[in-house]
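Below are the chains, spelled out letter by letter.
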Amino acid sequence: MGSRVEKVARSATWLLVGVVALVAGVAMVFEIRGALEREREFRAAPACASVPVEASRCRWEQEFTVRKADMHAGERGEPPQAELLLPSGDAWDVAFRSTGPVAWRMEPGGKVVGVIWHGQLVEVRDAEGRRQQTALGPMGWPEDRLGGALACVSFGVTALVGSLWPLFAPGNRRHATAAAMVRWHGVGMGVAAVLTLWVQAANDWPMWTIPAIWGPLALFLLASMVAFAVAALARRGG
């Protein structure tokens, strides 16, 4: 009885996680277009003729002095962040998605140039010309959304199939094993998408490289999943 309850609980957990992942993946798919449009708008934005007094579509470059920087915030579950000072003395708090390539070099008293767009500090540049988007920057979000969608949808679909499958053959160990193969290969496809996104971002490759790299990996894992599931069903006993 206890073993059966555990199996039902395990299937229910996979089902819940699969539904959440699938919903998140579909939401990311719908966000890709908006992210692409915002990135294009930023690329096409002209330089401001003068200091903007209100949020504007033009881009204004402003020099800042680093007051303090906390690149270890990620260890506390917070994004890397810094406090920048305008020449007037007013402070701007800025957060980053990662520590490189500019943020980790920030030291109190250092100078950076910030790009202000729509009233937000979206990018910083150091004295050597290195650039980095802040957490509010529009660049890179389409790639993040695409990679996240591939990871969540592929895992969500396989998790749903793998969790519902045993319900149609209760007590059959072969079907339970085949369903487990489906679920864990789905985890592999999700992890492959995340790793692909990491490699693409680290090398600053174009967006199309994400499906180009992940596609063959996903096909290989899909073929492996089918082979393992068929082998499990073909086993004697159960």
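Now for a positive patch on the surface. The grouping of K7, R10, R173 and R235 at the surface amounts to a positive patch. Within the secondary structure layout, R235 lies in the segment after α4 (209–234). For R235, a relative accessible area of 48% corresponds to the partly exposed category.

For the rest of this paragraph, the subject is a nonpolar patch on the surface. Together, L219, L222, V226 and V230 make up a nonpolar patch on the protein surface, roughly 360 Å² of accessible area in all. Mapped onto the elements of the fold, V226 is located in helix α4.

Here we come to the packing of aromatic side chains. Under the defined criterion, the tally for this structure stands at four aromatic pairs. Taking 6.1 Å as the distance between ring centres and 50 degrees as the angle between the ring planes, the aromatic pair formed by W14 and F155 counts as tilted. Placement of the pair is W14 in helix α1 (residues 2–44) and F155 in helix α2 (residues 141–164), with a sequence separation of 141 residues. Owing to a relative accessible area of 13%, W14 belongs among the buried residues under this scheme. With a centroid separation of 5.8 Å and an interplanar angle of 65 degrees, the aromatic rings of F64 and W92 are classed as edge-to-face.

Turning our attention to the state of the cysteines. If you walk through the whole model with that rule in mind, you get one disulfide. Two residues, C48 and C58, share a disulfide whose sulfurs are 1.9 Å apart. Between C48 and C58, the S-S dihedral sits near 95 degrees, and the bridge is therefore right-handed. Note that C48 is positioned in the loop between α1 and β1 (59–70) and C58 in the loop between α1 and β1, a separation of ten residues in sequence. Of the two residues, C48 and C58, both sit in the buried class.

Reading the values: rules and limits
- Residues numbered from 1 in each chain as written.
- Predicted model: local features only at pLDDT ≥ 70, side-chain atom pairs only at ≥ 80, totals over all residues.
- Heavy atoms only, no water.
- Patch = residues over 30% accessible without salt bridge, like charges linked within 9 Å, V, L, I, M, F, W, Y side chains within 5 Å.
- Areas by Shrake-Rupley, 256 points an atom, 1.4 Å probe, with all protein chains shown as cover.
- Salt bridge = Lys/Arg side-chain N within 4 Å of Asp/Glu carboxyl O.
- Lys, Arg positive; Asp, Glu negative; His and termini not counted.
- Charge placed at Lys NZ, Arg CZ, Asp CG, Glu CD.
- Helix = DSSP H or I, 4+ residues; strand = E, 2+ residues; numbered from the N terminus.
- Buried < 20%, exposed > 50% of the residue type's maximum accessible area, 1.4 Å probe, protein only.
- Phe/Tyr/Trp six-rings, centres within 6.5 Å; stacked < 30°, edge-to-face > 60°.
- Disulfide = S-S within 2.5 Å.

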